[in-house]
Amino acid sequence: MISLTPDAARARLVDELRDSGRLTSPTVEAAFRAVPRHLFLPEMAASEAYQDEAFVIKTGADGLPVSSSSQPAIMAIMLQQLGLAPGHRVLEVGTGTGYNAALMTHLVGERGSVVTVDIDADMVARAQANLAAAGYLNVIVICGDGGFGAPGYAPYDRLIVTAGAWDLAPEWLAELGSGGRIVLPLSVRGIQLCLALEREAGHWRSRSACRCGFIRLAGVFGSPEPFVPVGPQPGLHVQADDGRPLDAEALYAALTGPVTDVPCGVQVVSLSELAEADLWITLTEPGLARLTIAGGPLRSAMRDAPLPLLPFGALAGSGDLREPRWAGEFGVAALIPARPWASPAERRYAESGIVVRGFGPTGGDLARQLADRVRAWHERGRPRISGLSVIAYPLPTPVTGRPGQTILERRHTRLVLGWPAP
């Protein structure tokens, strides 16, 4: 195998992002071509740093990641959502390796400014060293709780959060100037949506949205959705939406119990399209608990299952999952492709039917219920995330939702989500 030079590997990565349709902005493309990612991942071989993958760079005592270098594809998408221009002042919450701050410095130019803040002193020191090695000496790097922003350098034209948030911190919104925009991964019923939000009269409205997966924000504004160890450790960890309590033993019994597959009779051409159905069902079935399963293999329950790599999302039967009476009674179910896609090209273009896989004694009943919902999604024209509206109202603003909308309460905001009526 021929090892590419860093410049050649970087050019190949950018070409792949452009050709796949995920990198469409000429200015963002130029930034990716100019900034050397391998200098921000010095522990890796230079050519390996230009894979379109996220790399974990620090883990916690529980073995779960606490910091990473994000996948270039989602970085490109978020930078395009952010819409940086020369002269912009931008705040980044979540410094990581410093690579994203360098990309933004290229985009805002000499007249602009980039401030980045991270709660982890080790990551701050690493980012400062990486930025210096790459020649980006004008980035302001702060060690602190990013939930409070960086008021000493406000106001900002743009604010980007590169860690999974559960709410919109009031400080972020206050530090954005007139015409400002915030881009962040926001947890919505346990699913992270990368949203670009702009201020309207009395609220913030989404301008674009896509699904994503980021390590969660740490600090005072961190998520109340902890990952709970389930089964023998080291092994699985499960997160429930909005921090619903879980009976870990009963959940593990369900996940490793009988498996029932229910075909839906609906075809999709990619994991992304499968995720569209998953999101719609999650938002239109508020009585079910949303679970994110991460951290290790489900050996018996997932044998031969064509599932994407962990973590993956599932829904569980309603009720207080701590109560012993639910052990053996509640089911868990997840949407999966009927056949795995063998290559990246197939994952984008080859058709596969949707199957709902039920786990546990009543998993089959839940799987049949969700299969009906998959068919309802199809009959409604397959609502896509691109058509989803998210409006954030600062509390205590009263909100009356219309039929079909989902209202989520947060500490500081009230979120209203929905698609246009068919």
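This one's a predicted model, so the numbers in the text were calculated from it and none came from an experiment.

*Asks:* I'd like to hear about the pairing of strand β10 (residues 227–230), residue by residue, with values.
*Replies:* Here β10 pairs with strand β11 (residues 236–240) via four bridges, running antiparallel. By the bridge assignment, V230 is partnered in β11 with L236. Here β10 hands over to β11 after five residues, with G231 in that stretch at a positive phi of 80°.

*Asks:* Which residues make up the packing of aromatic side chains, and what are the values?
*Replies:* Ring pairs (aromatic) are described by centroid distance and by the angle formed between their planes. The final tally for this structure, using the stated rule, is three aromatic pairs. A centroid spacing of 5.2 Å and a plane angle of 75° characterise the contact between F148 and F221, whose relative ring orientation is edge-to-face. You can see F148 sitting in the loop between β5 (140–143) and β6 (156–161) and its partner F221 sitting in the loop between β9 (203–211) and β10, a full 73 residues away along the chain. Of the residues examined, F148 reaches a relative accessible area of 38% and is grouped as partly exposed. An aromatic cluster is built from F32, F40 and Y99, whose rings are joined through pairwise contacts.

*Asks:* Residues and numbers for the packing of helix α2 (residues 26–34) against helix α4 (residues 99–108), please.
*Replies:* Relative to each other, α2 and α4 sit at 125°, their axes nearing to 9 Å. It follows from the interaxial angle that α2 and α4 lie oblique. The handedness of the crossing between α2 and α4 is right-handed. Contacts from T27, V28, A30, A31, F32 and A34 in α2 reach Y99, L103, H106 and L107 in α4.

*Asks:* Account for the layout of surface pockets, naming residues and giving values.
*Replies:* Considered as a void within the structure, the second largest pocket measures approximately 270 Å³ in volume. W280, R380, W419, P420 and P422 are the residues nearest the centre of the second largest pocket, which is lined by 13 residues in total. Class assignment for the residues of the lining of the second largest pocket results in seven nonpolar, three polar and three charged.

*Asks:* Got a sec to walk through the confidence of the model for the protein? Specific residues and values, please.
*Replies:* Per-residue confidence for the protein gives a mean pLDDT of 88, with 89% of residues at or over 70. Counting interchain partners and residues more than four positions distant, the pLDDT-below-50 stretch residues 297–309 has 24 contacts. Ignoring residues within four places in sequence, the model shows residues 319–328, a span with pLDDT below 50, making 16 contacts including any to other chains.

*Asks:* Outline the sheet that holds strand β15 (residues 332–337), listing residues and values.
*Replies:* Taken together, the seven strands give an open sheet; going across it, the order is β10-β11-β13-β14-β15-β16-β12, and neighbouring strands pair in antiparallel fashion. At either end of the open sheet lies a strand with only one pairing partner, and these are β10 and β12 (259–268). Ignoring which end each strand starts from, the neighbouring axes of this sheet average 30° apart. In this sheet, strand β13 (residues 289–294) lies alongside β11 in antiparallel orientation, the contact comprising four bridges. Among the inter-strand pairings, Q239 is bridged to a residue of β13, identified as T292. Helix α7 (residues 248–255) rests against β10, β11, β13, β15 and β16 (352–359) of the sheet, and its axis sits at about 65° to β10.

*Asks:* I'd like a description of the side chain of R181, backed by residues and values.
*Replies:* Here R181 shows up in strand β7 (residues 176–188). Polar side-chain contacts of R181 include one of 2.7 Å to the side chain of E198. Every residue in contact with R181, bar those within four places of it in the chain, is listed here: Q81, L82, G83, D157, R158, L159, L176, A196, L197 and E198.

*Asks:* Tell me about the pairing of strand β4 (residues 113–118), and name the residues and values.
*Replies:* For β4, the tally of buried residues reaches five of six residues, placing the bulk of the element in the interior. Of the strand pairs in this sheet, strand β3 (residues 89–93) and β4 are connected by five bridges, and their pairing is parallel. When the bridges of β4 are listed, V90 appears paired with V114. Handedness of the crossover joining β3 and β4 through α4 is recorded here as right-handed. Relative to β5, β4 runs parallel, the two sharing four bridges.

Rules used throughout
- Within any chain, residue numbers begin from 1 and follow the written order of that chain's sequence.
- Where totals are concerned, whole chains, interfaces and linings use all residues; where local detail is concerned, this predicted model gives features only for residues with pLDDT of at least 70, and gives and counts side-chain atom pairs only at 80 or more.
- Each side-chain value is worked out from all heavy atoms of the structure, with water and hydrogens disregarded.
- The rule for pairing is simple: two strands pair if DSSP sees at least two bridges between them.
- The helix and strand labels rest on DSSP assignments: H or I over at least four residues marks a helix, E over at least two residues marks a strand, and numbering proceeds from the N terminus.
- Note on aromatic contacts: the rings of Phe and Tyr and the six-membered ring of Trp form a pair at centre separations within 6.5 Å, being stacked when their planes are under 30 degrees apart, edge-to-face when over 60 apart, and tilted otherwise.
- For each residue, the accessible area found with a 1.4 Å probe, counting protein chains only, is set against the maximum for its type, and the residue is called buried under 20%, exposed over 50%, and partly exposed in between.
- To get an axis, a line is fitted to the C-alpha atoms, and for a helix only the part in contact is used. The angle between two axes follows their N-to-C directions and goes from 0 to 180 degrees.
- Working definition: roughly parallel below 35 degrees, roughly antiparallel above 145 degrees, roughly perpendicular at 65 to 115 degrees, and oblique for all remaining angles.
- In this scheme the handedness of a crossing depends on how the near helix is turned from the far one: anticlockwise by less than a right angle means left-handed, clockwise means right-handed.
- We call two residues in contact when some of their heavy atoms are within 4.5 Å.
- Lining residues are those with an atom within 4 Å of a point, where the points come from a 1 Å grid over the protein atoms alone and group into cavities, where a 1.4 Å probe fits but cannot get out, or pockets, open sets with protein on both sides within 12 Å along at least five of seven lines.
- Grid points are joined across faces, edges and corners, and a volume is the space filled by probe spheres set on the points.
- Three categories are distinguished: nonpolar for Ala, Val, Leu, Ile, Met, Phe, Trp, Tyr, Cys and Pro, charged for Asp, Glu, Lys and Arg, and polar for the others, with Gly belonging to the last.
- One confidence number per residue, pLDDT, is output by the predictor and ranges from 0 to 100.
- Polar contact is the term for a pair of N or O atoms within 3.5 Å; when the atoms are in protein, one must be able to donate a hydrogen and the other to accept it, and sequence-neighboring residues count only if both atoms are side-chain atoms.
- Here, the term right-handed applies to a crossover whose path from the first strand over the helix to the second runs clockwise when the strands point away from the viewer.

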